[in-house]
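# Summary of structural features
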Amino acid sequence: MRHYHRAFGVYGICIRDGKLLVINKNGGPYINRYDLPGGSLEEGEGLSEAMRREFLEETGQEIEIEENIGVIDFKLPWSWKDFTDVHHIAVYYSVNVIGGSLNIPEQFEGQDSLGASWVSENDVSLDNASPLVLKAFDWLNSKTLGIDTITYEDWKVLQN
């Protein structure tokens, strides 16, 4: 029997010269993969506030939010606590950098970014990127997120 951890977060798609800004993930089911900057809301925090805060914490970049692109969800195996799987619900935003500089983020409890980099679509695959990054490139090509849950039955968590 599967037991799902429900994760909800906001994520930014930031494109420059055809490349996507990603973080190097240091935790969770996407550890050791490229992931989108973003994450969970803090107590009382709005979606756009969380988006700006998470982006700054994980990349060192200040952003403006252009557009709420939509919501998509993913299911994949992840053994954590007493859960067997994760159901990840992601709100996507199109964002632009307006300040700051890429840096190695301050490490604190809950910080799961080891830094950010720009990647092209050819740089990413199921072997090195989260479903969020793969879906971001799909959106860049099609301008749609789709409506169906995306399930990865054979997901591999890349431990150190």
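You'll find the structure just up there.
Throughout what follows, the structure given in this document is the object of discussion. (Residues numbered from 1 in each chain as written. Predicted model: local features only at pLDDT ≥ 70, side-chain atom pairs only at ≥ 80, totals over all residues. Heavy atoms only, no water.)

Moving on: the overall build of the protein chain. Scanning the protein chain from N- to C-terminus turns up two helices and nine strands. The linear arrangement of helices and strands in the protein chain, starting from the amino end, is β-β-β-β-β-α-β-β-β-α-β. Its C-alpha atoms give the protein chain a radius of gyration of 15 Å, within 12% of the compact-globule value 15 Å for 160 residues. Taken along the three principal axes of its C-alpha coordinates, the protein chain extends 45 × 35 × 30 Å. (Helix = DSSP H or I, 4+ residues; strand = E, 2+ residues; numbered from the N terminus. Rg over C-alpha atoms; globule rule 2.2 N^0.38 Å.)

Attention now goes to the pattern of salt bridges. By the definition in use, this model includes eight salt bridges. Its salt-bridge partner being Glu-42, residue Arg-53 comes within 3.5 Å of it at the nearest N-O pair. In this pair, Arg-53 sits in helix α1 (residues 47-59) while Glu-42 sits in the loop between β5 (38-39) and α1, placing the two residues 11 residues apart along the sequence. Linked by salt bridges that have partners in common, Glu-42, Glu-45, Arg-53, Glu-54 and Glu-57 make up one network. (Salt bridge = Lys/Arg side-chain N within 4 Å of Asp/Glu carboxyl O.)

Let's shift gears to the environment of His-5. Structurally, the position occupied by His-5 is in strand β1 (residues 4-13). As a C-alpha pair, His-5 and Ile-23 span 18 residues in sequence and 22 Å in three-dimensional space. In this structure His-5 touches Trp-78, Trp-80, Phe-83, Asp-85, Val-86 and His-87, once residues within four positions along its chain are discounted. (Contact = heavy atoms within 4.5 Å.)

On to the nonpolar core. Core analysis: the biggest nonpolar cluster contains 27 residues, and Ile-13, Leu-20, Leu-36, Tyr-92, Leu-132 and Val-133 have the highest contact counts within it. Looking at this core, the elements that each hand over two or more residues are β1, β3 (19-25), β6 (61-80), β7 (83-100) and α2 (131-142). A total of six residues in this core trace back to one element, the largest contributor, which is α2. Contacts of Val-133, omitting those with residues within four sequence positions, involve Leu-20, Val-22, Tyr-34, Asp-35, Leu-36 and Val-124. The next biggest cluster of nonpolar side chains, apart from the first, holds 12 residues, and it includes Val-10, Phe-55, Val-95 and Ala-116. (Core = buried A, V, L, I, M, F, W, Y, C linked by side-chain atoms within 4.5 Å. Buried < 20%, exposed > 50% of the residue type's maximum accessible area, 1.4 Å probe, protein only.)

Direction of pairing for β6 relative to β7: antiparallel, over a ladder of 16 bridges. Looking across to β7, one finds that Pro-77 is bridged to Asp-85. Count of turn residues in the β6/β7 antiparallel hairpin: two residues, of which Lys-81 carries a positive phi of about 50°. Alignment of β6 against strand β9 (residues 150-151), held across two bridges, turns out to be parallel. Its bridge partner being in β9, Lys-75 is matched across the sheet by Thr-151. (Pairing = 2+ DSSP bridges.)

Next up on the list: the packing of aromatic side chains. On inspection of all chains with the given rule, the structure shows four aromatic pairs. Where Tyr-152 meets Trp-155, the ring centres are 5.7 Å apart and the plane angle is 70°; that geometry is what we call edge-to-face. Residue classification places Tyr-152 among the buried residues on the basis of a relative accessible area of 18%. Residue Trp-155 is classed as buried on the basis of its relative accessible area, which comes to 8%. (Phe/Tyr/Trp six-rings, centres within 6.5 Å; stacked < 30°, edge-to-face > 60°.)

If a strand is regular, its side chains alternate between the two faces of the sheet. Strand direction decides the pairing type here: β1 and β7, joined by 10 bridges, are parallel. Among the inter-strand pairings, Phe-8 is bridged to a residue of β7, identified as Ile-89. When β1 meets β5, the two strands line up antiparallel, connected through two bridges. Each residue of the ladder has a partner; that of Val-10, found in β5, is Gly-39.

Read these as spatial facts, not as claims about activity.
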